[in-house]
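Working through the structure, step by step
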Amino acid sequence: MASAAKQDERLNHDDGAPQAPDQLTTNQAPAQAESSAAETMATSAEQNIAPAETSAPSDAAQVKPETEAQTEAAAAAEHKAEPEAKAETKTESEAEPHRETADDSQYHPIILSDVSMQASTSFWRGYSRFWPFLKPYWPVALLGIILTIPVGALDAVIAWFLKPFTDQVMVEQQAEFAYYVPLVVIGFTLVQGIFIYLSSLINGYVGGAINLLMRSRLYQKLLTFDSRFFDANNSGSVILRFFNDSETASSGLIQNMRLFLTKFFSSVSLICVLLYNSWELTIFAVGIIAVLIVPMQIVRKRIKSLVSRTVNVSTGMITLYNETALGSKVIKSFNLKDFMYQRFREQADFLFKMAIKMIRDTNWLSPVMHLVSSFGVAGVLYFGVTLILSGRMTSGEMVSFLAALIMLYTPLKSIGNNYIQVQTALLALDRIYDLLDYESFENGKHEGSKILKDIKDSIEFDHVVFSYNGERDILRDISFKINVGHKVALVGNSGGGKTTVCSLINRLYEVKSGSIKIDGIDVRDYTIESLRRNVACVFQDNFLFAGTIRQNILFGKEDATDEEIAHAVKSAYLEEFVAGLPDGLDTQIGERGVTLSGGQKQRIAIARAIIRNAPLVILDEATSALDNRSEKVVQQALDELMKGRTTLVIAHRLSTIQDADTIMVINDGQIVEQGSHDELLALGGAYAALYNTQFASQHKQQAQQGDQSEQAAPGEQPEQAEQGASAEPQPEQKGEAQGEPGSTAKGSEV
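In this text the structure is predicted, and so the values were computed from the model without any measurement. (Residues numbered from 1 in each chain as written. Predicted model: local features only at pLDDT ≥ 70, side-chain atom pairs only at ≥ 80, totals over all residues. Heavy atoms only, no water.)

**Here's the deal with the overall build of the protein**
Check the secondary structure of the protein and you find 31 helices and 10 strands. Taking as baseline every contact in the protein between residues at least 6 positions apart, the subset at least 24 positions apart corresponds to 82%. Accessible area of the protein: about 37,700 Å², with a carbon and sulfur share of 58%. (Helix = DSSP H or I, 4+ residues; strand = E, 2+ residues; numbered from the N terminus. Contact = heavy atoms within 4.5 Å. Areas by Shrake-Rupley, 256 points an atom, 1.4 Å probe, with all protein chains shown as cover.)

Below, the structure is given as structure tokens:
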């Protein structure tokens, strides 16, 4: 009860809205990561190694795992730029004057749930923006407009017909004229009903077509948004802004346009009837409508304020439903039903209060319209009596005038609700244009024109500096070169920048300064489509689409033949698994591959990468989340994938990358060491420390076994010592002889 009372009190203020999930991500999580990152950096400065890699993983780290990209993005969220990074950026900018440094706007992508800065609506601006969507269907829309003319005009005909009816039937008692009146009224009403139906049908078609066009353009635009946009926004924001807004804008504007045009032509024809009967009363009756401008302006401002606050929380509600569906197992396993329900009630209560406020602050417009209309009718009756008594107006004219006036005022009484719908639709249309006007480097305007057909020579990082938020540099002066056909491994502490390095090669993000070159040409000079066609990626948590196994494999190459699919399945060690399925490759796997195990998902992702047949393969922790049995099978599939290809591997399990041509240790955004496995162990630096830490338990067990054997058979001690000298721990002993495990010797950059 007390909690509900506090929530009600908060909701009465602008800052009382529940915080949207995307705001929680950007405001709270980075703050926690910042403290952890700061401690890691401080310890690394003393030991010149990453503590996270030189000690056994803590329970906390096991409870809350993070992907590399999430860790790096979180560590960048709150830090400010360091002087050294600024100096490096300036130096690299001067070194390549033909390349502009990253635009600051890319670090501040549009936040979909924040519409507080949205401009006030404008009727003319709104419909001018609506015209490009209406233009393809203007002939049909014009026909719908034409049909509204008789619909509105027939109201005036019925009102005008009351004049001869009153004068000739009720006053002069002409019985023969009275016989035709029912037929005339029924005939006019029938014709009007036919036109109303046709107008509704046509306008419904136009509205649906425009909604489809809006959604198509919005989705096409969504596909061009860069990774920073998706990092900053949650799924609820995307669904609300890209799906719901198009429906709100198209249906609201089309339906109200039809209503407006119908009432416009009706009003014009009714005013003509009023003028025909009495121009004096018409001036008074129509002039009083001008009073309505002031309350309509007040309502317009209130609608903008309430809608902006409602949009923010509505995105959170949609995200909550999405999280509930995707995280149902976690919710059940950790007994989070009460927590999730509390989140739901907070946001649902807020939306309820916003709906009540919308009614309270806007629906008074309709009663005001009724009041203004009553003043108009009362004034006409008061002054009309004078005109009738003076003989300047007949009874029929008065009845006809009153009927036309009531018909004119009737839509004004309900204009409040229609006005709210129009304002809501105009706000949605403005939000749509905010998305369509958003610039991303992937929208075609900022990509090169060269076509990358193959990687023939090398991939080179040349003094690359990168930042997620423009404040703290995640990569600082990274330079290295990968020759074609070589296998290069990246190791180091979490959040050091390994995943970021891989993300920059296929331009998921833009570098801050420096350049990445393939065959001596900057990747920004290639088309994005051709660049990414030459890269195959296998991630730690691979995304599978709802559909069949075959469809997910074919995403690697849409026009692959059956022979290529069979080869990919065989190379990924999927044959036995697929053969045991009733539908084989055509088996439905559910949303995100929910029916599959982790190893099966990885092998399908590997098959997808194999069938792509790209010259560059990127493996980002592809086996770290698997058990030993699954890892063995997946590693065999990865070996097939890497054959004859340039490979970039990110790994925490050092046993999987000992055969790499080059191993680079990346800590805190810099290359600390690089060389082969044996060279780095002999160096006795950061890599040796990581290796010794990871295999410490194994060495300890071997030592214990050696001690037990020595006590059991002392005569065999020389032989055992000789075997121990040739065992695997020998490189570590060599490294320790040259220096402390914690010491770091920076390798030269290639």
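**Examining helix 25 (residues 598-612)**
Taking 1.5 Å as the rise per residue, helix 25 with 15 residues should run 21 Å; its terminal C-alpha atoms sit 21 Å apart, in good agreement. Within helix 25, 12 of the 15 residues are buried, which leaves the element mostly enclosed by the surrounding structure. Note on helix 25: the residue one or two positions beyond its end, Asn-613, has a positive phi of about 55°. (Expected span 1.5 Å × (residues − 1). Buried < 20%, exposed > 50% of the residue type's maximum accessible area, 1.4 Å probe, protein only.)

**A few points about the side chain of Gln-423**
Relative to the helices and strands, Gln-423 resides in helix 19 (residues 415-436). Dropping the residues within four chain positions of it, Gln-423 is found in contact with Thr-121, Arg-300 and Ile-303.

**So, the pattern of salt bridges**
On inspection of all chains with the given rule, the structure shows 21 salt bridges. One salt bridge in this structure joins Lys-517 and Asp-462, with 3.9 Å as the shortest N-O distance. Taken together, the positions of Lys-517 in strand 4 (residues 513-518) and Asp-462 in strand 1 (residues 458-467) put the pair 55 residues apart, joining distant regions of the chain. Judged by its relative accessible area of 24%, Lys-517 falls in the partly exposed class. The partner of Lys-643 in a salt bridge is Glu-640, with the nearest N and O atoms 3.1 Å apart. Put simply, Arg-125, Arg-129 and Asp-430 are held in one network by salt bridges that share partners. (Salt bridge = Lys/Arg side-chain N within 4 Å of Asp/Glu carboxyl O.)

**Focus: a nonpolar patch on the surface**
A contiguous nonpolar patch, built from Phe-123, Trp-124, Phe-260, Phe-264 and Val-268 and spanning about 550 Å² of accessible area, is present on the exposed surface. The set of elements that each furnish at least two residues to the nonpolar patch consists of helix 8 (123-134) and helix 12 (235-277). Among the secondary structure elements, Phe-123 is positioned in helix 8. Accessibility expressed as a relative area gives 34% for Phe-123, which makes it partly exposed. (Patch = residues over 30% accessible without salt bridge, like charges linked within 9 Å, V, L, I, M, F, W, Y side chains within 5 Å.)

**Examining the sheet that holds strand 1**
Spatial strand order, 2-1-4-5: 4 strands in an open sheet with antiparallel pairing. Two strands bound the open sheet, and with one partner strand each, they are strand 2 (473-483) and strand 5 (521-522). Two strands pair when backbone bridges link them, and strand 1 and strand 4 are joined in this way by 5 bridges, in the antiparallel orientation. Note on strand 4: the bridge partner recorded for Asp-462 is Ser-515. In the packing of helix 20 (residues 498-505) onto the sheet, the strands contacted are strand 1, strand 2 and strand 4, and the crossing angle to strand 1 comes to about 115°. (Pairing = 2+ DSSP bridges. Axes fitted to C-alpha atoms, helices over the stretch in contact; angles between N-to-C directions.)

**Let's talk about the sheet that holds strand 10 (residues 670-675)**
The strands making up a sheet are joined through hydrogen bonds of the backbone, oriented either antiparallel or parallel. Taken in spatial order, the 6 strands line up as 6-7-8-3-9-10 in an open sheet, and their pairing is mixed. One side of each edge strand has no neighbouring strand; the edge strands of this open sheet are strand 6 (535-538) and strand 10. Ignoring strand direction, the axes of neighbouring strands in this sheet form an average angle of 20°. Taken strand by strand, helix 20 contacts strand 3 (487-491), strand 7 (616-620), strand 8 (646-650) and strand 9 (662-667), and its axis lies near 145° from that of strand 8.

**Let's talk about the packing of helix 14 (residues 293-326) against helix 16 (residues 337-362)**
Here helix 14 crosses helix 16 at 160°, and the two axes come no closer than 10 Å. Between helix 14 and helix 16, the crossing angle belongs to the class labelled roughly antiparallel. Regarding helix 14 and helix 16, the two cross each other, and that crossing is left-handed. (Parallel < 35°, antiparallel > 145°, perpendicular 65-115°, else oblique. Left-handed = near helix turned anticlockwise from the far one by under 90°.)

**Some remarks on the environment of His-486**
With respect to the element layout, His-486 can be found in the loop between strand 2 and strand 3. For His-486, a relative accessible area of 33% corresponds to the partly exposed category. As for His-486 and Thr-646, which are separated by 160 residues in sequence, their C-alpha atoms are 5.2 Å apart. Once residues lying within four places of it in the same chain are set aside, the contact partners of His-486 are Arg-645, Thr-646, Thr-647 and Asp-661.

**Points about the packing of helix 23 (residues 562-571) against helix 25**
The geometry of helix 23 relative to helix 25 is characterised by a closest axis approach of 8 Å and an angle of 135° between their N-to-C directions. Between helix 23 and helix 25, the crossing angle belongs to the class labelled oblique. The chirality of how helix 23 crosses helix 25 is right-handed. Of helix 25, the residues touching helix 23 (which contributes Glu-564, Ile-565, His-567, Ala-568 and Ser-571) are Ala-607, Ile-610 and Ile-611.

**Considerations on the packing of aromatic side chains**
This model, assessed by the stated rule, comprises 19 aromatic pairs. Arranged with centres 5.9 Å apart and planes meeting at 75°, the rings of Phe-225 and Phe-242 form a pair that is edge-to-face. Taken together, the residues Phe-225 in the loop between helix 10 (175-222) and helix 11 (227-232) and Phe-242 in helix 12 connect sequence positions 17 residues apart. The exposure class of Phe-225 is buried, given its relative accessible area of 3%. When the ring of Tyr-468 is compared with that of Tyr-509, the centres are 5.2 Å apart and the planes differ by 85°; the resulting orientation is edge-to-face. Placement of the pair is Tyr-468 in the loop between strand 1 and strand 2 and Tyr-509 in the loop between helix 20 and strand 4, with a sequence separation of 41 residues. Residues Tyr-468 and Tyr-509 agree in their burial class; the two are buried. The rings of Phe-225, Phe-229, Phe-230, Phe-242 and Tyr-438 are connected pair by pair, giving a single aromatic cluster. Positioned above the aromatic ring of Phe-243, the side-chain terminus of Arg-215 is 3.7 Å from the ring centre. (Phe/Tyr/Trp six-rings, centres within 6.5 Å; stacked < 30°, edge-to-face > 60°. Lys NZ or Arg CZ within 6 Å of the ring centre and 35° of its normal.)

**Section: the pairing of strand 1**
Summarising burial for strand 1: 8 of the 10 residues are buried, a large majority. Across 7 bridges, strand 1 lies against strand 2 in antiparallel orientation. Note on strand 2: the bridge partner recorded for Phe-461 is Phe-480. Hairpin connection, strand 1 to strand 2: the antiparallel pair is bridged by 5 residues, and Gly-470 has positive phi, about 80°.

**Concerning the environment of Ser-571**
With respect to the element layout, Ser-571 can be found in helix 23. Linking Ser-571 and Asp-639, residues 68 residues apart in sequence, is a C-alpha distance of 9.1 Å.

**Overview of the pairing of strand 10**
Most of strand 10 sits out of view: 5 of its 6 residues are buried. Across 5 bridges, the pairing between strand 9 and strand 10 is antiparallel. By the bridge assignment, Asn-667 is partnered in strand 10 with Gln-670. Counted between consecutive antiparallel strands, the loop separating strand 9 from strand 10 contains 2 residues, among which Asp-668 sits at a positive phi close to 55°.

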